[in-house]
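Observations on chain architecture
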Amino acid sequence: MSNMMRDSQIMAQTRDENLGYMSDMALELAQMADDTGLATLAYLFRMAALEASTANSVLAETDDLSQQMTSH
């Protein structure tokens, strides 16, 4: 049972790191698009960054709720 919990925590941490990386990368790409005058592309990358950061916070809330429910 502890192996499952450990694996679950590792997977959650990896997912969080990946979403953070995607958000950061999308913001960098948005800046590059802005610098080259591609405003529409920059906007799309900013929306992708927002989506990744929102998904990260929603998943974190879900994880918190599931941990609260299983801790009882």
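What comes next is a walk through the structure. (Residues numbered from 1 in each chain as written. Predicted model: local features only at pLDDT ≥ 70, side-chain atom pairs only at ≥ 80, totals over all residues. Heavy atoms only, no water.)

1. So, the environment of M25
Among the structural elements, M25 can be located in helix 1 (residues 2-35). M25 sits 20 residues away from F45 along the chain, and the two C-alpha atoms are 8.9 Å apart. (Helix = DSSP H or I, 4+ residues; strand = E, 2+ residues; numbered from the N terminus.)

2. Quick look at the pattern of salt bridges
Across all of its chains, the model carries three salt bridges by this definition. Of the charged contacts, one joins R6 and D7 as a salt bridge, the two residues approaching to 3.8 Å between their closest N and O atoms. With a relative accessible area of 43%, R6 lands in the partly exposed category. Judged by its relative accessible area of 36%, D7 is partly exposed. (Salt bridge = Lys/Arg side-chain N within 4 Å of Asp/Glu carboxyl O. Buried < 20%, exposed > 50% of the residue type's maximum accessible area, 1.4 Å probe, protein only.)

3. Details of the environment of A52
Positionally, A52 belongs in helix 2 (residues 39-70). Between the alpha carbons of A52 and Y21 there is a distance of 8.9 Å; along the sequence they are 31 residues apart. Once residues within four sequence positions are removed from consideration, A52 is found in contact with L19, M22 and S23. (Contact = heavy atoms within 4.5 Å.)

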